[in-house]
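# Chains, contacts and geometry: an overview
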Amino acid sequence: MNEFLRVAIQAKVGSFELNAELAGDKEIIALFGPSGSGKSSILNCITGLQRIEKGEIVVGEKLFASSDRKICLAPQIRKCGYLPQNPSLFPHLNVAQNICFAINQENQITQQSRLRELLSIFHLEGFERSRVNELSGGQAKRVALARALAAKPDILLLDEPFSALDEDLREELALEIKNIQRQLAIPLILVTHSGQEALFIADKVVVLKGGQTIKQGSPEEMLGKKEHSGKTQYSW
Amino acid sequence: MSDVVFSIQLSMMVAFVSTVFVAILGTALGYILARFEFPGRNFVDALLALPLILPPTVVGFYLLGFFGKQGFVGQQIYAITGWSPVFTWQACIISAIVISLPLMVKTSKAAFESLDTKLEEVSLTLGKTRAQTIFQVTLPLAARGLIAGIALSFARALGEFGATLMIAGNIPGKTQTLPLLIFQATQTGETQLVLSLVLVLSIFSLLVAMLSNEWKARW
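### Quick word on the overall build of chain B
- Helix and strand content of chain B: 10 helices and 0 strands.
- Its helices and strands in sequence order give chain B the pattern α-α-α-α-α-α-α-α-α-α, from N to C terminus.
- Over its C-alpha atoms, taken along the principal directions, chain B stretches across nearly 65 × 45 × 30 Å.
- The buried share of chain B, reckoned over its 219 residues, is 41%.
- Put simply, of all contacts in chain B between residues at least 6 apart along the chain, 74% involve residues at least 24 apart.

Laid out in structure tokens, this is it:
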């Protein structure tokens, strides 16, 4: 395997056992499976919020964790852009402060320039001083995405980025995410339990069940439009 | 009159100094108890709550046993410095700290427990260390609870009586705090003085409570 991203891990979260293996390049990988199949746990292991028991996680040249070599980088040095299922915006900070949180040790000029860039990408101009509890669900997701991208991460991890959004917003945000991933050329892993979402956005799909990776491949191979169109929660 | 001024000054000084210690120590202990699992956690939690449950005179007795010349810590202090904190103004601060600490620990622990830990996790993934996360996310979000704890601790320190009497005594011009002066004036039948002092203490405590509400609302 000489892919940019390699994840082969075993981890225990309470009584839940995770045994996952996935690999990919600078592409969009969808983790697909029912609730409780271990999708979010994989993201937590990659971010470093969950320790692995065995295996390794490699992103580009960086070894995030390796049980053999007894390496486990702290979350703050992994450079992961992470969007939790709930945007988890900092309620005591406004939109601009949330977006610049990861770079608030930089000088004001750098911060302002990055802020303007991200506000423009996510159509958030004019909301800089807004309190985060005044934002709609879609705007909050956009702010959280902008915040995750501010420090130019090496990998983007999105946990159900389209949940709780209406259909138009889901499609719009999916296109934005796809464009951003293409521009940045970094691996992007997103969690979904919707086959339609995975088919729409992903370059690769990893199917999980009961904490195990069952199979992985192209979205069409893994899901097949006809097979899954009737079972998904959303229509795009 | 000079005794009254001294008692007011001493009480204020004791309340301010002890509150600074209690705010720092209580916040740290509340955070540790709220965030970390360790053997004996329940025992430590209960031990820190004891001064809240025990009669202040019992706490004062323990403090005497601890800081007295023959006490566990007092012996060491006396051996090194030739000085004992018992029956000094420093003893007033020690008793105020011990008595008001549980209030700060309880309120700060509750404030930290009520926070969404996902916010702290997100902060870590955004490149912040655990210390930076505490100062930039945890403490600002817990601020309302911490302010309430500080106000309660200050008010409790200002009104501390039993433990102070045990370890610092009731020495006019030396260790006589406002509550101790009120006690003495009541014993000697100085009703006018008692009423004035009770009014001063009540108004000041009310102001502290109002100020704390104001700060919490602004945060």
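### A short note on helix α6 (residues 117-125) of chain B
- Within α6(B), burial applies to B:E120, B:E121, B:V122, B:S123, B:L124 and B:T125.
- Where the residues of α6(B) are buried, they touch α1 (39-47) and β7 (80-83) of chain A together with α7 (130-158) of chain B.
- Phi for B:G127, located one or two positions after α6(B), is positive at around 95°.

### Quick look at the domain arrangement of chain A
All names here are of chain A.
- Parsing chain A into structural domains produces domain 1 (5-79 + 153-229) and domain 2 (88-141).
- Measuring from the centre of the C-alpha atoms in domain 1 to the corresponding centre in domain 2 gives 25 Å.
- The interface is formed by 6 residues belonging to domain 1 together with 4 residues belonging to domain 2.
- For the side of domain 1 that touches domain 2, the class distribution of residues is 6 nonpolar, no polar and no charged.

### Concerning the interface of chain A and chain B
- At the interface, 15 residues of chain A touch 14 residues of chain B.
- Along the lines of polarity and charge, the residues of the side of chain A that touches chain B split into 9 nonpolar, 5 polar and 1 charged.

### Remarks on the packing of helix α3 (residues 56-67) of chain B against helix α5 (residues 89-113) of chain B
Residue and element names in this part refer to chain B.
- Packing of α3 against α5 brings their axes to within 11 Å, and their N-to-C directions diverge by 125°. By the angle between their directions, the pair α3 and α5 is classed as oblique. For the crossing formed where α3 meets α5, the hand is right-handed. Within the contact between the two elements, α3 uses P56, V59, G60, L63 and F67 and α5 uses A91, I94, S95, V98 and I99.

### What to know about the packing of helix α2 (residues 41-53) of chain B against α5(B)
Residue and element names in this part refer to chain B.
- Direction vectors running N to C along α2 and α5 enclose 120°, while the axes themselves pass 8 Å from each other. Classed by the angle they form, the pair α2 and α5 counts as oblique. When the axes of α2 and α5 are compared, the crossing they make is left-handed. Contacts between α2 and α5 involve L48, A49, P51 and L52 from the first element and V98, I99, L101, P102, L103, V105 and K106 from the second.
- Split into classes, the residues belonging to the contact of α2 with α5 amount to 10 nonpolar, no polar and 1 charged.

### Section: the environment of B:A163
Residues and elements named next belong to chain B.
- Along the chain, A163 falls in helix α8 (residues 162-168).
- Accessibility expressed as a C-beta count within 10 Å gives 27 for A163, which makes it buried.
- Counting along the chain gives 22 residues from A163 to L141, while the straight-line C-alpha distance between them is 34 Å.
- In this structure A163 touches P56, V59, G60, L63, S95, V98 and I99, once residues within four positions along its chain are discounted.

### A closer look at the confidence of the model for chain A
Residues and elements named next belong to chain A.
- Here chain A shows a mean pLDDT of 90. Residues at 70 or above account for 94%.
- Averaged over each element, pLDDT in chain A is lowest for helix α8 (residues 225-229) (47) and highest for helix α2 (residues 95-99) (97).
- Throughout residues 226-236 the model reports pLDDT below 50, and contacts reaching past four residues in sequence, or to other chains, amount to 17 contacts.

### Describing unusual backbone geometry
All names here are of chain A.
- Even without a glycine there, the phi angle at K79 is positive, about 55°.
- Within the secondary structure, K79 sits in the loop between β6 (71-72) and β7.
- Non-glycine residue E160 carries a positive phi angle of around 45°.
- The buried category is assigned to E160, around which 20 C-beta atoms lie within 10 Å.

Each value, and the rule that gives it
- Residues numbered from 1 in each chain as written.
- Chains lettered and ligands numbered in written order.
- Predicted model: local features only at pLDDT ≥ 70, side-chain atom pairs only at ≥ 80, totals over all residues.
- Helix = DSSP H or I, 4+ residues; strand = E, 2+ residues; numbered from the N terminus.
- Buried ≥ 20, exposed ≤ 12 C-beta atoms within 10 Å, placed from the backbone.
- Contact = placed C-beta atoms within 7 Å.
- Domains from an automatic or database assignment.
- Nonpolar A, V, L, I, M, F, W, Y, C, P; charged D, E, K, R; others polar.
- Axes fitted to C-alpha atoms, helices over the stretch in contact; angles between N-to-C directions.
- Parallel < 35°, antiparallel > 145°, perpendicular 65-115°, else oblique.
- Left-handed = near helix turned anticlockwise from the far one by under 90°.
- pLDDT = per-residue confidence, 0-100.

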